[in-house]
Amino acid sequence: MTVTDFDPTEAFWKAINAFVEYLSAQVHDRWAVWAQGHENRHVHEVMGGLLARQATLATELALNPPIWNAHSAPLILRSMVENCITIAWILKMPDERANQFIAYGLGQENLLLEQAKASLRESGENPEEDPNIHRWEQWLDGQRYTFLTEVNVGNWGPNLREMAEEAGLLDLHRNDYARWSSATHNMWHHVVRFNIQYCTNPLHGYHRVPAVSQLPPNPELLQRAAEYIDIAIRSFDEATETEIDEPSAVEVLDRELQKIPMPSRGEANDDSLEG
C-alpha cells in the first residue's frame, strides 16, 4: 500500500473493531471452558452476565470516540469499576452471593412494577387491564428461580467499599471509583473544571459563567476501560482456575492502535483524566 492509498479513518475503525471483537471472544472463550458441566446454574449465569456486561460497556465506549472525554467516559468507567468489584466479591462465595445478587435485582424489579401499578391507580386507571403491566408481570414471573422463597428489596450485600476491601480491590475503589464518581454525581470539583469558565470581561470581577465545553477524544480513557476488562477477567480466571493463554485487553488495544497514527498517545491531560 502506498502513502496515498492509506485511509486513516479506515485504519482507525479496523483497529477498534478488532479490539471489540476480542472483548467478545474473551467472554465466550471462558464460558466455553468454565460453564460446561457446571451444576450451579445461577452462578454461571451471573458470572457470564457480568463478564458480558463488562465487555459491553467497553464496547460501547470503544465504538463512540466522541465520548472519550471527561464529560461522558467517566459514566461508563465508574460502572466498569463497580462491576470489577462486584465480580471479585461474588466469586469469594459464589453460591451464596450469586443468589443474593439475583434476589436483590428481582426485588428491585418487583418494586418498580408495584410503583407503576400505584401510579396507574392514582391516575384512575386499572393496572390489571394494562397490557404493559401484564407483559412486565409475565417477565418477572419467568425469572423466579427455585431457590428464591421471597423477593428481596433490601441490600444484597455490604457497601461497595467493604466489597472492594474483601475482594482485594480497595485501591481501585479509592482511586478510580472515586475519580469517576465526581462526573457521575455532577459534583463541584468536576463541574468547576469542565462547565464553568472565567468571564472574559475584567470589569465583571472575574466571576465565572456557565460553559458547555467540547473536549477532544482522549484514547487513554479507552485504555482505562481495557484495564477494567483485564481486572474482571483476572478475578474470574483466578477464582475459577480457568487457564486460557491469550493476551490481555490492554495488550490487544495497544497493538491495534499502534497500527495507526494517534495524536498525543501516552500524553495524558490532567483535566481529561479527572485528576
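Just so it is clear, the structure is predicted and the values come from calculations on it, not from any experiment.

The rules behind each value
Position numbers for residues count from 1 along each chain, tracking the sequence in the order it is written. Two thresholds apply to this predicted model, a pLDDT of at least 70 for residue-level local features and 80 or more for giving and counting side-chain atom pairs, whereas whole-chain, interface and lining totals are computed over all residues. Just so you know, side-chain values use all the structure's heavy atoms and leave hydrogens and water out. Every helix listed is a DSSP run of H or I at least four residues long, and every strand listed is a run of E at least two residues long, numbered separately from the N terminus. When accessible area is computed with a 1.4 Å probe and restricted to protein chains, residues below 20% of their type maximum are described as buried, those above 50% as exposed, and intermediate ones as partly exposed. Per-residue accessibility takes into account occlusion by the displayed protein chains alone, with areas from the Shrake-Rupley method and a 1.4 Å probe. When a carboxyl oxygen of Asp or Glu is within 4 Å of a side-chain nitrogen of Lys or Arg, the pair counts as a salt bridge. When the centres of two rings from Phe, Tyr and Trp lie within 6.5 Å, Trp using its six-membered ring, the rings pair. Their planes under 30 degrees apart give stacked, over 60 give edge-to-face, and anything left gives tilted. Placement of a positive charge over a ring is assigned whenever Lys NZ or Arg CZ falls within 6 Å of the ring centre and within 35 degrees of the normal to the ring plane. Among buried residues, the Ala, Val, Leu, Ile, Met, Phe, Trp, Tyr and Cys ones that are joined through side-chain atoms within 4.5 Å form a nonpolar core. In this analysis, two residues are considered to be in contact whenever any of their non-hydrogen atoms come within 4.5 Å of each other. A helix is expected to span 1.5 Å multiplied by its residue count minus one. The angle separating two fitted axes, one through the seven residues that finish at a residue and one through the seven that start at it, defines the bend at that residue. How sure the predictor is of each residue is captured by pLDDT, a score from 0 to 100.

## What to know about the overall build of the protein chain
- For the protein chain, the helix and strand inventory stands at 10 helices and two strands.
- Overall, the protein chain shows an N-to-C arrangement of helices and strands of α-α-α-α-α-α-α-α-β-β-α-α.
- Each of the 275 residues in the protein chain was classed as buried or not, and the buried ones make up 41%.
- About 15,600 Å² of surface is accessible on the protein chain, with carbon and sulfur atoms providing 50% of the total.

## Observations regarding the pattern of salt bridges
- Summed over all chains, the structure comprises 10 salt bridges.
- Note that E45 and R41 form a salt bridge whose closest N and O atoms lie 2.8 Å from each other. In this pair, E45 and R41 are both assigned in helix 2 (residues 41-62), four residues apart and thus about one turn of the helix distant.
- Assessed through its relative accessible area of 51%, R41 is described here as exposed.
- Of the charged contacts, one joins R174 and D171 as a salt bridge, the two residues approaching to 3.9 Å between their closest N and O atoms. Here the residue R174 and the residue D171 both occupy positions in helix 7 (residues 170-184), the gap between them amounting to three residues, near one helical turn.
- Overlapping salt bridges bring together R30, D237 and E246 as one network.

## Notes on the packing of aromatic side chains
- Overall, the coordinates contain three aromatic pairs when judged by the stated rule.
- Residues F12 and W13 carry aromatic rings whose centres are separated by 5.1 Å and whose planes lie at 80° to one another, so their mutual orientation is edge-to-face.
- Since its relative accessible area comes to 32%, W13 is described here as partly exposed.
- Note on W34 and F236: the rings are 5.1 Å apart at their centroids and 85° apart in plane angle, and the pair reads as edge-to-face. Pair noted here: W34 is in helix 1 (residues 8-34) and F236 is in helix 9 (residues 219-240), with a separation of 202 residues, a long-range link.
- Through successive ring pairs, a cluster of aromatic residues spans F12, W13 and W68.
- Here R97 stacks its cationic end above the ring of W89, 3.8 Å away from the centre of that ring.
- Residue placement shows R179 over the ring face of W180; its charged tip is 5.8 Å from the ring centre.

## Some thoughts on the nonpolar core
- Judged by nonpolar contacts, the single largest core of 65 residues is most densely connected at F19, M47, L77, M80, L222 and Y228.
- When residues in this core are grouped by element, the largest group, 11 residues, is from helix 3 (residues 73-90).
- When residues no more than four places from it in sequence are discounted, the contact partners of Y228 are Q54, L77, M80, V81, C84, L172, D176 and W180.

## Overview of helix 7
- Look at helix 7: 20 Å from first C-alpha to last across 15 residues, which is about the 21 Å you get at 1.5 Å a residue.
- The axis of helix 7 is deflected most strongly, by about 35°, at Y177.
- Packed against the buried residues of helix 7 are helix 3, helix 6 (160-166), helix 8 (188-194) and helix 9.
- Just downstream of helix 7 lies N186, where phi reads positive at about 55°.

## Quick word on unusual backbone geometry
- Here N186, not a glycine, exhibits a phi torsion of approximately 55°, which is positive.
- The residue N186 is located in the loop between helix 7 and helix 8 in this model.
- In this structure, E241 is a non-glycine residue whose phi angle is positive, near 55°.
- As for its placement among the helices and strands, E241 is situated in the loop between helix 9 and helix 10 (249-257).
- We classify E241 as exposed; its relative accessible area is 70%.

## Quick look at the side chain of T240
- If you trace the backbone, T240 turns up in helix 9.
- Discounting residues that sit within four places of it in the chain, T240 has contacts with W34 and L91.

## Let's talk about the confidence of the model for the protein chain
- Taken residue by residue, the protein chain gives an average pLDDT of 87. The fraction at 70 or more is 85%.
- The weakest mean pLDDT in the protein chain belongs to strand 2 (residues 208-210) at 76; the strongest belongs to helix 3 at 98.

## Side note on the environment of E227
- Relative to the assigned elements, E227 resides in helix 9.
- Given the relative accessible area of 30%, E227 is considered partly exposed.
- Residues E227 and A58, 169 residues apart in the sequence, show an inter-C-alpha distance of 9.9 Å.

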